[in-house]
Structure formats: C-alpha cells, structure tokens
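Chain by chain, the residues run as shown.
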Amino acid sequence: MKNVIEVKNLIKEYKEIKAVDNLSFEVHEGEILGLLGPNGSGKTTTINCLLSLLNYSSGSIKIFGKEMKPDSYDIKSKIGVVFQDVAVFEELTVYDNIDYFCGLYIKDKKLRKQYIEDAIELVGLEEFKKFYPKQLSGGLLRRLNIACGIAHKPKLIFLDEPTVAVDPQSRNNILDGIKKLRDNGATIIYTTHYMEEVEIICDRIIILDKGKILATGTSDELKELAKIEEKITVEINELQENYIEDIKKSKNVDEVKYTNSLLLVTYTKGKNNLVELMEYLKENKIKYNKIYSERPTLNDVFLELTGKELRD
Amino acid sequence: MTVFKTFLKILNKNKFIIILYTMFLIFFGGFNMQTSENNTNFVASKPDIMIVNYDEEKGITKDLIKYIEENSNVVDLKKNEDAINDALFYRDVNYVVYIPKNYNKDFMDGKNPEIEIKSTGDYQSSFAEMLLSRYIKVANIYQKSINSEEELISKINETLSKKSEVEITSKLDTNILSKATFYYNFANYSIMACLIYVICLILASFKDIKIQKRTIISSTNYKTLNRQLLLSNSLFSIILWMIYVTLSFILVGDIMFSIHGIFYLINSFVFTICATTIALFIGNIISNKNAISGIVNVIALGSSFLCGAFVPMEWLPEGVIKIAHILPSYYYISNNEILKTLEIINFNTIKPILLNIIIILSFSIIFIILTNIVSKRKQKIG
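Residues numbered from 1 in each chain as written. Chains lettered and ligands numbered in written order. Predicted model: local features only at pLDDT ≥ 70, side-chain atom pairs only at ≥ 80, totals over all residues.

It is worth spelling out the overall build of chain A at this point. Broken down by element type, chain A carries 11 helices and 14 strands. C-alpha extents for chain A along the principal axes are approximately 75 × 45 × 35 Å. Burial analysis of chain A (312 residues in total) assigns 41% to the buried set. Sequence-distant contacts, at least 24 apart, represent 68% of the contacts inside chain A between residues at least 6 apart. (Helix = DSSP H or I, 4+ residues; strand = E, 2+ residues; numbered from the N terminus. Buried ≥ 20, exposed ≤ 12 C-beta atoms within 10 Å, placed from the backbone. Contact = placed C-beta atoms within 7 Å.)

Structure, rendered in structure tokens:
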C-alpha cells in the first residue's frame, strides 16, 4: 500500500519538555488514521509539525513522497486541515467563508463554485448559505469549519478534534461526512480523545501519550493488547462479601469489584463466562436486575498501557 | 483577488463607520467653517458718544461738537451723573465728553483748556478717544500760528477732511483660506479615526491566529497574501482620501483650484499615508476587536485635541504644544495653519511646509519598520 505520510523519529521539544518524543509512523493512502490520546498527549503538536506550522527539533516528515517544508506549496495544495478551533470570518456568510478558503487553493471561478456547492452539500449546510457565523449553532459552526477545510477537495485531510463540544446529531452528521470523504478517495488523519468515534470511523489507530506512541493497529488488534477479554456488569442490590470471594475464585476471572450496587467482573478469556456467572447467582438465590457483557474498549487498552483513563 | 474580494466584503460590513466619520467631518468641519466666517467679517460701526457742553455753542466749541456728531452716534441723555454712569455701565454710551465753560475763549487765548471724559474702556471708547484727540491735536497746532477764529476753524476742517486712499494689494482671500484650514484640520480626526478603525477591524479578522493558521497552510504564498492585504488597505486609504478631498472641493472649491489648494491636497495625502502606516501598525499589535474603539479614541481624538485640530493652536498651552511635537498630526495641522496665512508661494515660503511633510513621511517610515518587526514576530506561531 502506498504511503501518503512517512514520519521518522520526529521530536519536538519545548525547552526541556518533549511534546513529541521520537514518533515514527506511516499513513496509507485512502485510510482513516486515528490519533488517539488524552489532552496534552501531543496530537495537535504532531499535526502542527506535519503541516510545518511548527519547527521540529529532529526527525523527518515526508508527505506524498516529498519532504514537507513551510514553502512546499505543491504539497500544501493537496492538503486540507480542519482545526480544533473554529476558524471563520465573522463578517462573511457561510458561502463567502467557504469561497475565501477554497479560493486560496482554487483560482478557477467556475470550478470553485462547484466545489463550494459540493462542500456545502457534504456537511449539510444547504439551508444556511446566507447565514453569518453568529447566526449558527455550535454544531452548524463546526460543520462550516469542516467545509472551509475540505472545500478544495484535498487528497490528504487533517481533522483535529472536529467534534469537540458538538451535539450528538451534528456529531453523527460530521462522522458521516468524514466517511464520505474517505470513500471519495481522501486519506484522513483524525485526532480525538473520543474513543467511540475512533472505533466507528478509523481504519487504523495510533495511541499517543506524553508524545510517545503506545500502540498502533486496528481497533481489534489494539483490543487484543488488553489482558481482559470480557467485562460482565450485574446490578445487585445487596451482595455479601463471601459471594464476592467465591466469584473471584471462579475460572478465568481477573478482577471483581462491587460498588454502588454494581458488580463488575472482568475475565481474561473464556467463552461461557456470562452463562456460568448467571448459574452461580441462580444457585445462590442472588436476585439481580440487569446483567450485560461487554468486550474491552480502547479505554481499557489505554488503561492497561498507561494505568490511567483516556479522559483523565 | 481572493483577499481583495474578502477585504471588500468585510469593508462593506463596516461601511457604517466610514459614513459616520464622514458625517462628523461634514457636520463638525462645516460648523467650524461657519464659525470662521463670523470671525473674519468686518462691520463698520461708530462709537456712541454723549456731549455735555457747559460752554456756549460757538467758535471752536461748536466746531468740535459738529466734528463729533459727524463721526459718531451722539447719544442724548439726562445730564445727571447717575444717569450717565448707568448708561456707561450698560454700554448705552461708550464715551462722555465734558466741554468746560469758556472752552472756546480759553482755547483761543492759548490756555489749552482741559476736556474731561468718561469712558467704558472698550474698543469703541478707544475709537472715540482717538477722534477727540485727533481734533484737539490739529486744533492746537494751528492755534499757535492763527489768531482768527474763522480761519482756524477753516484750517482744522481742511486738515481733518483729508483722506488717504488705501489700496489692499493682497488678493489672498483669508476667509476662504480659514475655511479650508478648518476643514483640513478637522479632517485630521476623520482620516485618522476612520483609517485606524476600519484597517484595524479588517486586520483583526485576517490576522486572527486561527484564520492565519489556515491561511499559512494553504497553497497560496503567505507573503503574497500579506502583500494583497497591504495593497487593499492602501487602496482603501486612497479612496477615503479622495472622498474627503472631493468634499473639500464641494465645500471650499474656490481655494482648492488654486496653488494653496494643491498644497492642502499634498499635505493631506502625505498625512493619509502616515495615518495608514499607524493603522497598519496598530492592526498588527492588537487582535481584540473590542479594544479598537478605545484605541481610536485615544489616538485619533487625543492627537486631534493636542495638535489643534478642533481648537486653534494658538489657544493651546505651551506645554501641550511641546508634547504635540511628537505626533505627526502636529506637523500636518501646522502646514494647514501656514497655508492659511501664506501670501506668496515660492521655495522660501514653502520651506517650512516641505520640512513638515518630510517629518510626516519620516513618521510613516518609522511605523512601517515597526509594523514589519511586529509582523515577523507574530508570524512564528510555534
């Protein structure tokens, strides 16, 4: 598979702090790569280095096979960026905003007009073309932000936390739009600290913390890194300590926690863990309200790797 | 073109500010011009004089009274001292002449009798005093050599009736020049305030760190975009200057077609360049749109007050004038004031104007250098 981005031993230091610590990774053509990590893990700094917005201390960055520099305008013409903060002109309408940013790449008026219409359709802002940013809700504003970044139909798109502070409806709309962009042939780098989003849309994921890559792979591959395979949660009003001890001794059990009327049992492996637990509860006449089983999440993987949660 | 188009769209959103400052110029500049018209018109007037005569009305006494009557408004009041004092207090009369008893006889005898007066002390009374002393001086001179009363009176009248022809050779219309100066002095505020307000607002939008980031990562060279932005701002400044100049042609058109007018144009154009560089400098420093209004008030209004744009420079305290020397507005307004009184225009007379223009241009260069330094520092996002 062709690499669109190749990063080798990238280091970015701020005085004595390493914001990016020896990162090496590739981004394949046509994939959505998720950069997952908590706030301050180095996601945005990495993107700023890739875009030559920041000088990096050492390492190399190649985009479309060429070294990326501040004056690499041929590379920049194929890149679209949607930053975390909404970057639009307050004085311009939705249409004019997209027109301005698209105009920085596309000089041909007719083509630009077509591209603007496509972008508006992609993010679902057809009814708001003549609205000013102040008249838009937070979700619509985010959509406009995305349209401004991708209107020129770039081959490589950087999306830096585009769904922060967005309502669920707009979030789904944005995620659908991102999938459409990928389907249209774009390569996407998607940074977020929302693991659910990464699981939904990313083909491959890089987990970052303190500027270092902790793990790389598909969602399933990463989940395999977790030592647990199944989590069972049971709602029980009262549970005596001896039962908890019994469950701990059961087959494949890794850990048992009972807090706030919730019993959480994690298993390292096994196929019939749920059935066996239900039988045990029945045998001991322990009444329960709800019982459900889950596979480990990326948060569990992150917890496993760092000892802290993604949203810490 | 992308930048220019966007510049125009943002400018269009802020057109109210341009209209507002232009209206200020028309209304307040126009008001000042009206005031200037009142100040420079002259109306012929005569002092109000009361004559209290204790002598017989004959000979020199009669002639003096006749002379006063011809050259003033003689007021007839009760010959009561209280009434006279009241009339002087309320300015019903400016000057009271007391001709003593036997004045005619004593004068002809060469005794040089004294005439008592009462005066309000104002300029009208000075004029009355001038009339009286003129008559007495002429009469005294002739009295020494002429004994005949009739001949003396005839000689006095002959001398006093002589008039000198005065021809004003200056074609300088000071009234219209004052108007033009008032207009262009007030334009100091309008040009500065409008340019700073609009340019800062537009730059605050373009130089917003988020938009700047998006612009830097685009395939258009950032320097080219900056150049386009600078060109757009310069074009706006020139158009604004042209609007204000056109207004001056409407309001004081007579002078604008003269050599004085050309200097008003050059001076205001150079000042517009300087105001643009100041606006660009401030626009590069500040990013908060809410602060712009305050900055405009401090800089445009402050320098206009300090440098005499609203009140004549000669009314300002010396300390204020000294401080004003550090502001480009001072040199711009000084040039307007020089032009108001400039009779002959040649290299020697326009030297101070040229010097002031060089100083204004030097200010512009300083602000360009400062803007470049600030801009380069800000360009480094990381």
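Attention shifts here to the nonpolar core. The nonpolar side chains of a soluble globular protein tend to be buried, and buried together. By size, the foremost hydrophobic cluster in this structure holds 151 residues, and its most contacted members are A:Ile98, A:Ala119, A:Ala147, A:Ala151, B:Leu195 and B:Ile196. By residue number, the principal contributor to this core is helix 8 (residues 174–206) of chain B, which donates 23 residues. When near neighbours in sequence (up to four residues on either side) are disregarded, A:Ala119 contacts A:Ile98, A:Ala147, A:Ile150 and A:Ala151. Counting 21 residues, the second largest nonpolar core, distinct from the first, contains B:Leu64, B:Ile68, B:Ile84 and B:Leu152. (Core = buried A, V, L, I, M, F, W, Y, C linked by C-beta atoms within 7 Å.)

A word on the sheet that holds strand 7 (residues 156–160) of chain A. Residue and element names in this part refer to chain A. Reading across from one edge, 6-7-8-3-9-10 is the order of the six strands in this open sheet, with mixed pairing throughout. Of all the strands in the sheet, just strand 6 (79–82) and strand 10 (212–217) have a single pairing partner and so form its edges. On average, adjacent strands in this sheet sit at an angle of 15° to one another, irrespective of strand direction. When strand 7 meets strand 8 (residues 187–192), the two strands line up parallel, connected through five bridges. (Pairing = 2+ DSSP bridges. Axes fitted to C-alpha atoms, helices over the stretch in contact; angles between N-to-C directions.)

A word on the environment of B:Asn53. All names here are of chain B. By the secondary structure assignment, Asn53 is in strand 1 (residues 48–53). Residue Asn53 is classed as partly exposed on the basis of its C-beta count, with 17 C-beta atoms lying within 10 Å. Distance in space between the C-alpha atoms of Asn53 and Lys79 is 9.7 Å, their sequence separation being 26 residues. Sequence-distant contacts of Asn53, that is, excluding residues within four places in its chain, are made with Thr61, Ile65 and Ile99.

Our focus in this paragraph is the sheet that holds strand 3 (residues 95–99) of chain B. All names here are of chain B. Read from one edge to the other, the open sheet built from four strands follows the order 2-1-3-4, with strand pairing classed as mixed. The strands lining the two open edges of the sheet, one partner per strand, are strand 2 (73–74) and strand 4 (116–119). Relative to strand 3, strand 1 runs parallel, the two being bridged by five bridges. Along strand 3, the bridge assignment pairs Ile51 with Val97. Contacts from helix 3 (residues 59–71) reach strand 1, strand 2 and strand 3, with the element oriented near 165° to strand 1.

This part covers the confidence of the model for chain B. Residue and element names in this part refer to chain B. Residue-level pLDDT values for chain B average 86, and 94% of them are 70 or greater. Of all secondary-structure elements in chain B, the lowest mean pLDDT belongs to helix 2 (residues 15–40), at 72, while helix 12 (residues 259–285) reaches the highest, 93. Interface confidence for the predicted complex, expressed as ipTM, amounts to 0.78; the pTM equals 0.71. (pLDDT = per-residue confidence, 0-100.)

A word on the interface of chain A and chain B. Between chain A and chain B, the contact holds 23 residues from the first and 19 residues from the second. Contributing elements (two or more residues each) for the side of chain A that touches chain B: helix 2 (73–76), strand 6 and helix 3 (94–103) of chain A. It is helix 3 of chain A that contributes the most residues to the side of chain A that touches chain B, four residues altogether. Here the residues of the side of chain A that touches chain B are counted per class, giving 14 nonpolar, four polar and five charged. (Nonpolar A, V, L, I, M, F, W, Y, C, P; charged D, E, K, R; others polar.)

Here the focus is helix 11 (residues 298–306) of chain A. Residue and element names in this part refer to chain A. Where helix 11 is concerned, the buried positions are Leu298, Asp300, Val301 and Phe302. Turning to helix 11, the residues buried within the fold contact strand 3 (32–36), helix 7 (195–201), strand 9 (204–209), strand 10 and helix 8 (219–223). Note on helix 11: the residue one or two positions beyond its end, Gly307, has a positive phi of about 80°.

It is worth spelling out unusual backbone geometry at this point. A positive phi is found at A:Asn252, a non-glycine position, where the angle reads about 65°. Looking at A:Asn252, the number of C-beta atoms within 10 Å reads 17, which means it is partly exposed. Of note in the backbone geometry, B:Asn112 takes a positive phi value of approximately 50° without being a glycine.

Residues and elements named next belong to chain B. Relative orientation of the contacting elements helix 8 and helix 15 (residues 328–341) amounts to 175°, with a least axis distance of 9 Å. With respect to helix 15, the axis of helix 8 lies roughly antiparallel. Across the interface between the two elements, Leu177, Ser178, Thr181, Tyr184, Asn185 and Asn188 of helix 8 pack against Ser329, Tyr332, Ile333, Asn336, Glu337, Leu339 and Lys340 of helix 15. Residue composition of the contact of helix 8 with helix 15, grouped by class: five nonpolar, six polar and two charged. (Parallel < 35°, antiparallel > 145°, perpendicular 65-115°, else oblique.)

Residue and element names in this part refer to chain A. Contact geometry for helix 3 and helix 5 (residues 138–150): axes closest at 8 Å, N-to-C directions at 30°. In terms of axis orientation, helix 3 runs roughly parallel to helix 5. The element helix 3 and its partner helix 5 pack so that their crossing is right-handed. Residue-level inspection shows Val94, Asn97, Ile98 and Phe101 of helix 3 in contact with helix 5, the latter providing Leu144, Ala147 and Cys148. Of the residues that constitute the contact of helix 3 with helix 5, the class distribution is six nonpolar, one polar and no charged. (Left-handed = near helix turned anticlockwise from the far one by under 90°.)

What follows deals with the pairing of strand 2 (residues 17–28) of chain A. All names here are of chain A. Note: strand 1 (residues 3–14) against strand 2, eight bridges, orientation antiparallel. Bridge pairing links Asn3 to His28 in strand 2. Joining the antiparallel neighbours strand 1 and strand 2 is a turn of two residues, in which Lys15 adopts a positive phi near 55°.

All names here are of chain A. By secondary structure assignment, the location of Glu67 is in strand 5 (residues 66–67). Through-space distance from the C-alpha of Glu67 to that of Ile5 is 9.8 Å; in sequence the pair is 62 residues apart. The residues contacting Glu67, other than those within four sequence positions of it, are Ser60, Ile61 and Lys62.

Moving on, we come to the pairing of strand 13 (residues 262–267) of chain A. Across a regular strand the side chains alternate sides, sitting on one face of the sheet and then on the other. All names here are of chain A. Pairing analysis gives six bridges linking strand 11 (residues 230–235) to strand 13, with the strands arranged antiparallel. Across the sheet, Glu235 pairs through a bridge with Leu262, a residue of strand 13. Direction of pairing for strand 12 (residues 253–259) relative to strand 13: antiparallel, over a ladder of six bridges. Residue pairing for strand 13: Lys257 is matched across the bridge by Leu264. Here strand 12 folds back onto strand 13 in antiparallel fashion, the turn holding two residues, of which Asn260 has a positive phi close to 50°.

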